[in-house]
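# Analysis of the macromolecular model
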Amino acid sequence: MRLGPFLGLAAVILFFTLLSDSPANYLSMRNFRIVSAQTVIVALGAIGMTMIIVSGGIDLSVGSVIALTGVVTATTLRAGWSPLPALVAGVVIGGLVGVVNGLVVTRLKVLPFIATLGMLGIARGVAKWLADQQTVNVPDTWVNELAVTFPDPAWLLVAPGVWVALLLAVVAALVLGNTVFGRRVFAIGSNEAAARACGVATDRLKVWIYGLAGLLFGLSGVMQMSRLRQGDPTVAIGSELDVIAAVVIGGGSLSGGEGSILGSMIGALIMAFLRNGSQQMGWPTFVQEIMIGVIIVLAVAADGLRRSRATQ
Amino acid sequence: MRLGPFLGLAAVILFFTLLSDSPANYLSMRNFRIVSAQTVIVALGAIGMTMIIVSGGIDLSVGSVIALTGVVTATTLRAGWSPLPALVAGVVIGGLVGVVNGLVVTRLKVLPFIATLGMLGIARGVAKWLADQQTVNVPDTWVNELAVTFPDPAWLLVAPGVWVALLLAVVAALVLGNTVFGRRVFAIGSNEAAARACGVATDRLKVWIYGLAGLLFGLSGVMQMSRLRQGDPTVAIGSELDVIAAVVIGGGSLSGGEGSILGSMIGALIMAFLRNGSQQMGWPTFVQEIMIGVIIVLAVAADGLRRSRATQ
Amino acid sequence: MLTLSGIKKRFGPTVALDGVALELRPGRVHALIGENGAGKTTLMNIAVGALVPDAGTMSLQGDRYAPASPLDARRAGVALIHQELSLCSHLTVAENILMGQEPTRRGLLDWDQCRRRAADVLEQFHHAELRPDRRVGDLPIAARQVVEICRAIVSNASVVLMDEPTSSLPRADVDRLFAMVRRLRSHGVSSVYISHFLEELREVAEDFTVLRDGRSVLSGELASTTDAELIAAMVGRSVEDVFPRRDRAAPGDVLLEVEHVAAPPAVSDASFAVRRGEVLGIAGLVGAGRTEMLRVLVGLDRAAAGRVRVRGAEIRTGAARPWEVLARGIGFLSEDRTHEGLTLRLSVADNITCTRYGSCARYGWIARSEQARQAEQQMRALGVRARGPAQPVRTLSGGNQQKVALARLRHQSADIWLLDEPTKGIDIGSKVQIYEAIGEAASEGKGIVMVSSYLPELFGMCDRLAVMSRGRLSPVRPIAEWTPERVLEAAIGS
Amino acid sequence: GRGRSSNEFHVAMIPKGTTHEFWKSIHAGAIRAVRELETKGVNVRLAWKGPLREDDREQQIQVVEGFLSEGVDGLVLAPLDARALVRPVDEARRAGIPTVIIDSDLASDDTVSFVATDNYEGGVLAADRLGMLLEGKGTVLLLRYQEGSASTEARERGFVERVTQKYPDIELISSDQHAGPTRDTAKRASENLLNRFGQGLDGVFTVNENSTHGMLLALQDLGRAGRVKFIGFDASETFVQAMSRDQLHGIVLQDPFEMGYRGVTTMVAHLQGEEVSRRIDTGVTLVTAENVETPESQALLNPPIDEYLR
Ligand SMILES: Nc1ncnc2c1ncn2[C@@H]1O[C@H](COP(=O)(O)OP(=O)(O)OP(=O)(O)O)[C@@H](O)[C@H]1O
Ligand SMILES: Nc1ncnc2c1ncn2[C@@H]1O[C@H](COP(=O)(O)OP(=O)(O)OP(=O)(O)O)[C@@H](O)[C@H]1O
Ligand SMILES: [Mg+2]
Ligand SMILES: [Mg+2]
């Protein structure tokens, strides 16, 4: 794990603490709860995206999949399913979409960029169709409490969804680091031809990767639904960039072979703290946009310079 | 040049001609004028993006730069500048933004993805700030006529902007294919270490590439302004994906070293014909989204399968 | 064991294999020889299912054998050591060695066993210093080749195909490899061994097949065939006098002076001077720091100390600016042609002319026909085997790629040539051409620094020689004062 | 309120976006309310902040949460979605922060008041105007805005229902196409639709500023402006010019200035413990070439933004 992303996160928090007119408020547990609940969706997406990016792929459809699976869960809930099956339905649909992506990439030999760009449109369209071009309201169930800011048994401290995301992050980190599957994900990202030459069934592996990532995107969609208390087919437009940015800020390389779950989680937090902080500064929207852009670059640049000095 | 993109384009046009209830209307000169005027913005962006992608980089800020430069031209026009200087101002600002991207990538050693993601926010914010968070209406000048559907001297057949884009595409194709600069763009994209070892000043070259591409994005912004007859700081959100998709559909490889201007232009046309055709089919919006996704994948898959058969 | 017959393969208009037969007998080592581009690598790729033949049949232990993928081949017990290194540079040595057969325990990767097995096989190879936890991307090229070899050995294959496994290895490692091959043989493993060094082949192999222009033209037992016969079968003519006879005129002015250059940890102290018309050889063991020293001189890496003067004018070595160095008339041939030597996706012509586009471009505009003409001229001079100057370098055979890299250096017409393993992967016939090209350059008054792990070539070509050992360069002495034993002694160092 | 003895209030106003004239008018109206209240000795600190990315519900939720964490006294919110913002508003209420909803409805009973245009009525006005212009027959086209946007969907519903009920001879030849989020997407969609229906089109209705703009540009560019009866929605300089050139035959206007003004006054009244109405209608008006010069229309077309926002 590289140190860079941590420094970046620390720098961002320090920056806003120093500039804030009420640092106590900014550093409060309440604000931390807010940020962590806001991060859940991107963080879950980033876990899946890390696997895909490490394997040398990319998935642009994550925003649409979030919308689709949110709608699926909402629709099934409204159709009277009990919460757990509805949640599972959303997650499974996410996984299926991922498998389709994987098959298109491996069987039809379409580059991941294009395959998932196509899926971006398809999943979004299907979401709107399922939802009948409206938002789908859901009955009150515990699914709606997954990503609340103030969890119900207060001893949970943060939303149950945050714990789920944390747990999954730990599991994914272990899988990537310590299982044959995980190391092969790195191998095909690092040198696909070499991996194939050593007898790694690269195509099957890719389908698994996209499928597993899809399950996580599906869960992310359920969380999104829970936050909005509705299935919304137009939600999360453009969030693929957020998710990919979290991974890349966390040290993932778009040419594959590099990346870590921990890094990506930090990356997701950096993005969330940036938005949260700049919103709390009371800057006008355009200043926020500018500052977020500048800080993203600086946070990553610091890491880049440090590394380039190290290799000299 | 690969044949694939052409086949894709032909397939898309054939598909809609066969399905359309009035093929004559779909294949009319008028519709072609409409599509070509719609394509100008993405096409100009794709010329610049091709250079960047061939060199192994990426630029996510193109949508924001289009908004920014459109606002710059609109503001200067409204401030009473004459059309040509105003147009040049927009283009030059685009170039400057590109140079900044290039410097951040080379000096601060920030990956292009992150550097331009930061610029995506910065340029958008600056655009809103310059425009005072509103759209900027412009006086009637010839700039407004650049991207009209029916050009004024009717013998032009298509909008002057289309001719400009065509001309620039030809120039860019010649430059990429036949100049030392162009070959070096391919060289650093194909193998940056080797290019360095052969004495290519890779850093300086990259700054040039981003800068030149920025000029094109700037022109694209001017065209966008011309199409809307106003500078709109919120325009072209998400169009980076369109532009990148055009390049990738046209045979560009995100890992660098591959791509062609002609291919990218065909890619841009494929996207435009897809949207145009599916809107004219009278399908509901969600069906359009699904169909566009499916057709993108199929159009590219056909090419991929053809090639993979060829190498076996 | 493995029998191939009637194998044909075309790549578009290129006929790579045009009916090849090869019979690998159990427990034997089979030498596969042929000029660059004869089709050796293609044949091996077919044997492991990485390529599908257009025609022909294969059988393994009497059964029909048609692997659809390298995985199939591996399951059938056929492993290949690739000519172009195929390692995952982001992963560790252990992971690369055990890729495809990682040991597990309770579903998790068994890191301990992984390390142990990797360490074992490295130990057998006397490379215990190569720690299994190191990232392959950080290793020098020779160490990577060791990893590649270990990977094939560890796979417990019954057939091991070796495509120029020693091209980056120094003599000591070659001996270790041979010991390994013999041990495998004693366990009944059969191997195909591809190399351009006939003396190596004679050491390990019993049988041979010669490929020429995609056909198997001669096969038999090595012991009953002379070198001359082999070479004649390969090249279609006889080759004498490998090293060019040069009149070693008194060297001219000093072109390049290097004083106490250091770039820790690889290079700690190097000083030498090269004059016009001389070839200076640099010998040393793997990892001695020769490559690193050349990289510093070209400006690809920073020097921490020392001075470098080109024709008396000092160049900055503290900042990495290769383009400035190249502009001063220094030319560089990298030992790592896939990662640093060539832009593989571009054409032969672009690769040859890219360091001096000025010769065929005006105001930045390249005159394509002139470029092609100049490229063809160089291709002819070195005998590059390609469809034409427009062919992408990626689709050339390994040896021909190396020739393209040399052709570029010739085209650059630099005064000072820094050559790192210049004849790596070059066939016997072509080596002569390359030595001639180097000799010719020297007699034209260029100064040449030649790093090589192949001692005969250093003794054959150099006027003076220095030996690098653990980052320290010995004093430069005339070649007459060296013997192979003394070179080895200096390389091991004390 | 929480026992408001003081006359100091910190009120946060959260629009859907910040760039459009419409939101600026709301902002200006709100500032007018603040200034007026000041003369009555009530000090209101008004925070104005929209979502970073326009039309992004998630972002708007984050803005609301940000204000919760800052601890304001009241929220005036134009929710991007009827349901999505229920939870944050609910959490605000639990934290003792009341919310007044403006512009678009929120599916919640926990709000103080809903201050907005009757959007359905806006669609009905447009249908009637087109019906009159076309004398009850012809072919018309409805270009929708985007899926899931409640206020524009109400306009679309009002239009479609009125046309089908009251004008049996008017054929709605297309009503399932969306303009998309930006002017450029709206222009493209309009061009493509106009090409499809060619000459056989008599009337068009578009439901918000962006889509009206895009359609107007497309009509102009294709040389169809003026030949198609065209009703738009929302105010803009360009629309007034187009009406004077007979290219646009009516715009339905809301009163955002009033909305902003009433949003703040309602909130303050509530904080001061007064009883406020649950639903406050700020009205819709059809402006045409005939009535464009009237002071009422002018007030809607040119709300005194500069007076309050500089
Ligand atoms: N992918 C490809 N596309 C086109 N031609 C190819 C391709 N791969 C190999 N060739 C051609 O096939 C021929 C045989 O190449 P191969 O690599 O088998 O030679 P080789 O005997 O291994 O030579 P070397 O000793 O140089 O490694 C060469 O002419 C080469 O250019
Ligand atoms: N087998 C090895 N394991 C680990 N590190 C090595 C090994 N061989 C070399 N190195 C490291 O590489 C550096 C020098 O390598 P360099 O490539 O410059 O040497 P070289 O003399 O050119 O050898 P080669 O014959 O491999 O090109 C040293 O820092 C050394 O520590
Ligand atoms: Mg070979
Ligand atoms: Mg070396």
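As a reminder, the structure under discussion sits directly above these lines.
Residues numbered from 1 in each chain as written. Chains lettered and ligands numbered in written order. Predicted model: local features only at pLDDT ≥ 70, side-chain atom pairs only at ≥ 80, totals over all residues. Heavy atoms only, no water.

Turning our eyes to something else, we now look at the interface of chain A and chain B. Accessible area lost on assembly of the parts is the figure often given for the size of an interface. With 42 residues of chain A in contact, the opposing surface of chain B contributes 42 residues. Here chain A meets chain B over a buried area of about 3400 Å², counting both sides, of which 83% is carbon and sulfur. Scanning the region where chain A abuts chain B turns up two salt bridges. Taken together, the connections running from chain A to chain B amount to two residue pairs in polar contact (both at pLDDT 80 or more). If you list the elements that add at least two residues to the side of chain A that touches chain B, you get helix 6 (112-130), helix 11 (239-249) and helix 13 (285-311) of chain A. When residues of the side of chain A that touches chain B are assigned to their parent elements, the largest contribution, 13 residues, is made by helix 6 of chain A. (Contact = heavy atoms within 4.5 Å. Buried area = accessible area lost by both parts, 1.4 Å probe. Salt bridge = Lys/Arg side-chain N within 4 Å of Asp/Glu carboxyl O. Polar contact = N/O pair within 3.5 Å; in protein donor to acceptor, adjacent residues only side chain to side chain. Helix = DSSP H or I, 4+ residues; strand = E, 2+ residues; numbered from the N terminus.)

For the magnesium ion (ligand 3), the full set of protein donor atoms is C:Thr41 (OG1) and C:Gln83 (OE1), at a range of 1.9 to 2.0 Å. You can see C:Thr41 sitting in helix 1 (residues 40-47) and its partner C:Gln83 sitting in the loop between strand 6 (78-81) and helix 3 (93-97), a full 42 residues away along the chain. (Donors = N, O, S within 2.8 Å, 3.2 Å for Na, K, Ca; no water.)

With that settled, consider the site of ligand 2. All names here are of chain C. In the vicinity of ligand 2 lie 16 residues, with Gly287, Arg290, Thr291, Glu292 and Glu335 positioned nearest. In this structure, an oxygen atom belonging to ligand 2 sits 3.0 Å away from a main-chain N or O atom of alanine 288. If you list the elements that add at least two residues to the shell around ligand 2, you get helix 5 (141-154) and helix 9 (290-298). By residue number, the principal contributor to the shell around ligand 2 is helix 9, which donates three residues. For the shell around ligand 2, the class distribution of residues is eight nonpolar, three polar and five charged. Structurally, the shell around ligand 2 is a two-domain feature, drawing no fewer than three residues from each of domain 1 (2-235) and domain 2 (254-491). (Near = heavy atom within 4 Å. Nonpolar A, V, L, I, M, F, W, Y, C, P; charged D, E, K, R; others polar. Domains from an automatic or database assignment.)

What follows concerns the pattern of salt bridges. What the rule picks out here adds up to 58 salt bridges over all chains. Two residues, B:Arg229 and D:Asp221, come together in a salt bridge whose shortest N-O distance is 2.5 Å. Of this pair, B:Arg229 sits in the loop between helix 10 (202-228) and strand 2 (230-231) while D:Asp221 sits in helix 7 (residues 209-221), each in a different chain. With relative accessibility at 7%, the residue D:Asp221 sits in the buried group. One salt bridge in this structure joins C:Arg373 and C:Glu370, with 2.9 Å as the shortest N-O distance. Note that C:Arg373 and C:Glu370 are positioned in helix 13 (residues 368-382) at a spacing of three residues, about one turn of the helix. For C:Glu370, a relative accessible area of 24% puts it in the partly exposed group. One salt-bridge network, held together by shared partners, links A:Arg227, D:Glu65, D:Arg87 and D:Glu91. (Buried < 20%, exposed > 50% of the residue type's maximum accessible area, 1.4 Å probe, protein only.)

Looking now at the interface of chain C and chain B. Counting residues at the interface gives 28 residues for chain C and 27 residues for chain B. Sorting the residues of chain C by area buried against chain B places C:Trp323, C:Arg345 and C:Trp365 first, and these three jointly supply 29% of that buried surface. Across the chain C-chain B interface, the total number found is two salt bridges. The partner of B:Glu258 in a salt bridge is C:Arg345, with the nearest N and O atoms 3.6 Å apart. Connecting chain C to chain B are 11 residue pairs in polar contact (both at pLDDT 80 or more). For the side of chain C that touches chain B, the secondary-structure elements that each account for two or more residues are helix 10 (322-327), helix 11 (337-341) and strand 20 (365-366) of chain C. Element by element, the count of residues in the side of chain C that touches chain B is highest for helix 11 of chain C, at four residues. For the side of chain C that touches chain B, a count of residues per class yields 15 nonpolar, seven polar and six charged.

All names here are of chain D. Where burial is concerned, most of strand 9 (residues 229-233) is hidden: four out of the five residues are buried. The sheet contact formed by strand 8 (residues 203-206) and strand 9 spans three bridges and is parallel. Paired with valine 204 across the bridge in strand 9 is phenylalanine 230. In this sheet, strand 10 (residues 251-253) lies alongside strand 9 in parallel orientation, the contact comprising two bridges. Looking at strand 10, one finds that phenylalanine 233 is bridged to valine 252. In this fold, the crossover linking strand 9 to strand 10 by way of helix 8 (residues 237-244) has right-handed handedness. (Pairing = 2+ DSSP bridges. Right-handed = clockwise from strand over helix to strand, strands pointing away.)

Time to look at the relation of the copies chain A and chain B. It takes a turn of 180° to lay chain A on chain B, together with a shift of 0.0 Å along the axis; the resulting RMSD is 0.1 Å. What we have between these two chains is a two-fold relation. Of all interface residues in chain A, 100% are interface residues in chain B too; the two copies therefore contact each other through one and the same surface. (Least-squares fit on C-alpha atoms with pLDDT ≥ 70 in both.)

Turning our eyes to something else, we now look at the site of ligand 1. All names here are of chain C. Taken together, 20 residues are adjacent to ligand 1, and Gly37, Thr41, Thr42, Ser397 and Gly399 come closest. Between asparagine 36 and ligand 1, the recorded distance is 2.9 Å, taken from a side-chain N or O atom to an oxygen atom. Taking serine 397, its side chain carries an N or O atom lying 2.7 Å from an oxygen atom of ligand 1. A total of 640 Å² of accessible area belongs to ligand 1 in isolation, and the protein chains cover 87% of it. Of all the secondary-structure elements, those providing two or more residues to the shell around ligand 1 are strand 2 (14-24), helix 1 and helix 14 (398-412). Considered class by class, the residues forming the shell around ligand 1 number four nonpolar, 13 polar and three charged. In terms of domain composition, the shell around ligand 1 takes at least three residues from each of domain 1 (2-235) and domain 2 (254-491). (Areas by Shrake-Rupley, 256 points an atom, 1.4 Å probe, with all protein chains shown as cover.)

Our next topic: the nonpolar core. Residues A:Phe113, B:Phe113 and D:Leu75 are the most contacted members of the largest nonpolar core, which totals 234 residues. Excluding residues that lie within four positions of it along the chain, A:Phe113 makes contacts with A:Ile58, A:Leu60, B:Leu241, B:Ile244, B:Ala245, B:Val248 and B:Leu254. Among the nonpolar cores identified, the runner-up in size contains 52 residues, and C:Ala118, C:Leu139, C:Ile149 and C:Ile428 belong to it. (Core = buried A, V, L, I, M, F, W, Y, C linked by side-chain atoms within 4.5 Å.)

Here we come to the sheet that holds strand 3 (residues 29-34) of chain C. Residue and element names in this part refer to chain C. The strand order across the open sheet built from six strands is 6-9-10-3-11-12, with neighbouring strands paired in mixed fashion. At either end of the open sheet lies a strand with only one pairing partner, and these are strand 6 and strand 12 (215-221). Direction aside, neighbouring strands of the sheet carry axes that sit 15° apart on average. Sheet topology places strand 9 (residues 159-163) next to strand 10 (residues 190-194); five bridges connect them, and they run parallel. Considered in strand 10, the bridge of methionine 162 is made with tyrosine 193. (Axes fitted to C-alpha atoms, helices over the stretch in contact; angles between N-to-C directions.)

Taken together, four strands build an open sheet; the order of strands is 2-1-4-5 (chain C) and the sheet is antiparallel. In the strand order of this sheet, the two ends are held by strand 2 and strand 5 (63-64) of chain C, each with one partner.

Residues and elements named next belong to chain C. With respect to the helices and strands, the residue serine 334 is situated in the loop between strand 18 (330-333) and helix 11. On the accessibility criterion, serine 334 (6% relative accessible area) is buried. A polar atom in the side chain of serine 334 sits 3.0 Å from the backbone nitrogen of aspartate 336. Apart from the residues within four sequence positions on either side, serine 334 is in contact with Glu340, Gly341 and Asp420.

Bringing the environment of C:Gly62 into the picture now. Residue and element names in this part refer to chain C. You can see glycine 62 is positioned in the loop between strand 4 (55-60) and strand 5. Accessibility expressed as a relative area gives 69% for glycine 62, which makes it exposed. The sequence separation of glycine 62 and glutamate 206 amounts to 144 residues, and the corresponding C-alpha distance is 21 Å.

Residue and element names in this part refer to chain C. In this structure, Thr291 (OG1) and Glu335 (OE) serve as the protein donors to the magnesium ion (ligand 4), at separations of 1.8 to 2.7 Å. Of the two residues, threonine 291 is situated in helix 9 and glutamate 335 in the loop between strand 18 and helix 11; the sequence distance between them amounts to 44 residues. Taking relative accessible area as the criterion, glutamate 335 reaches 13% and is therefore assigned buried.

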